[in-house]
Amino acid sequence: MKALFNRFYETYHQDIYNYVFYMVKDKTITEDIVQEVYIRVIKSYDRFRGDSSEKTWAFSIARHIVFDHFRKQKRKRKVTNETIDLDDMTEFIPARETTPDEAIIHQEDVALMYQLLDQCSVNQKQVVILRYIQHHSLKETAEILDLTVSNVKTLQHRAIKKLKSLLDEEKAKGGIIDDETRR
């Protein structure tokens with residue numbers, strides 16, 4: 001059992017952690033949920049049929065636990081509108097050679113995108129996270145979310161359209177400085 005846990009941890013931990021974090025935006029809650037994911041994976045691994053990849057199966061478990069968390073929060077009526085802590089987010093943003101100014105602008109853009117993503121439906125948000133942040137294929141995303149590939153494509157299209165509209169609104173309000181203005 002320890003070998004199974006170690007293999008799962010080494011192979012999937014960062015991806016599962018990032019997915020959960022993007023969904024709940026709280027480091028402590030993320031750690032608790034990820035721990036619960038490992039517990040459920042270990043307890044139910046003998047029932048894993050191989051209908052999908054281990055990764056897809058593990059993400060599906062993570063998705064269900066995240067939804068359980070949201071349901072519990074909803075029951076408690078403890079809804080908060082927390083903003084993203086950029087210090088927490090920087091560990092998930094891949095490093096590349098940029099100037100300090102470019103790095104600051106990029107962080108602001110990422111933070112804004114995550115705030116706007118919260119205005120999408122839960123399914124749209126999940127599709128964007130799984131497809132563009134976690135880089136899952138359409139098929140993997142469909143399996144994780146228990147949807148058809150066609151539904152994933154539709155949700156993805158609507159999410160991108162909504163995010164573009166929200167970005168345009170922010171730009172009109174002066175909340176975004178476009179590339180032309182930056183130069």
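Residues numbered from 1 in each chain as written. Predicted model: local features only at pLDDT ≥ 70, side-chain atom pairs only at ≥ 80, totals over all residues. Heavy atoms only, no water.

Visitor: Now, about the overall build of the chain: what can you tell me, with residues and values included?
Guide: Of the regular secondary structure elements, the chain holds nine helices and zero strands. N-terminal to C-terminal, the α/β element order of the chain is α-α-α-α-α-α-α-α-α. Within the chain, buried positions represent 37% of all 183 residues. Once local pairs closer than 6 in sequence are excluded, the contacts in the chain between residues at least 24 apart make up 68%. Put simply, the chain shows about 11,700 Å² of open surface, and 50% of that area lies on carbon and sulfur atoms. (Helix = DSSP H or I, 4+ residues; strand = E, 2+ residues; numbered from the N terminus. Buried < 20%, exposed > 50% of the residue type's maximum accessible area, 1.4 Å probe, protein only. Contact = heavy atoms within 4.5 Å. Areas by Shrake-Rupley, 256 points an atom, 1.4 Å probe, with all protein chains shown as cover.)

Visitor: For the pattern of salt bridges, give the residues involved together with the corresponding values.
Guide: Counted according to the given criterion, the structure contains eleven salt bridges. As a salt-bridge pair, Lys-55 and Asp-15 come within 3.2 Å of each other at their nearest N and O atoms. One end of the pair, Lys-55, is in helix 3 (residues 54-76); the other, Asp-15, is in helix 1 (residues 2-24), and 40 residues separate them in sequence. Asp-15 gets classed as partly exposed once you look at its relative accessible area, which sits at 25%. (Salt bridge = Lys/Arg side-chain N within 4 Å of Asp/Glu carboxyl O.)

Visitor: Can you explain the packing of helix 6 (residues 122-133) against helix 8 (residues 149-173)? Please cite residues and give values.
Guide: Two quantities define a packed helix pair, namely the angle between the axes and the distance from one axis to the other. Where helix 6 contacts helix 8, the axes come no closer than 9 Å and their chain directions differ by 95°. Comparing the axis directions of helix 6 and helix 8 gives the class roughly perpendicular. Mapping the contact onto sequence places Asn-123, Gln-124, Val-127, Val-128, Arg-131 and Tyr-132 in helix 6 and Val-152, Leu-155, Gln-156, Arg-158, Ala-159, Ile-160, Lys-162 and Leu-163 in helix 8. Residues of the contact of helix 6 with helix 8, tallied by class, amount to eight nonpolar, three polar and three charged. (Axes fitted to C-alpha atoms, helices over the stretch in contact; angles between N-to-C directions. Parallel < 35°, antiparallel > 145°, perpendicular 65-115°, else oblique. Nonpolar A, V, L, I, M, F, W, Y, C, P; charged D, E, K, R; others polar.)

Visitor: Would you mind going over the nonpolar core in detail, with residue names and values included?
Guide: Formed by 43 residues in total, the largest nonpolar core has its most connected members in Ile-16, Tyr-19, Val-20 and Val-37. At the level of secondary structure, the elements contributing two or more residues to this core comprise helix 1, helix 2 (27-44), helix 3, helix 5 (100-117), helix 6, helix 7 (138-145) and helix 8. Element by element, the count of residues in this core is highest for helix 1, at eleven residues. (Core = buried A, V, L, I, M, F, W, Y, C linked by side-chain atoms within 4.5 Å.)

Visitor: Got a sec to walk through the side chain of Glu-54? Specific residues and values, please.
Guide: In this fold, Glu-54 is placed in helix 3. By relative accessible area, which is 14% here, Glu-54 ends up buried. Sequence-distant contacts of Glu-54, defined by excluding residues within four places in its chain, comprise Arg-7, Phe-8, Tyr-12, Tyr-45 and Phe-48.

Visitor: Describe the environment of Tyr-22, and please don't skip the residues or the numbers.
Guide: The residue Tyr-22 is located in helix 1 in this model. For the pair Tyr-22 and Ile-133, spaced 111 residues apart in the sequence, the C-alpha separation amounts to 9.1 Å.

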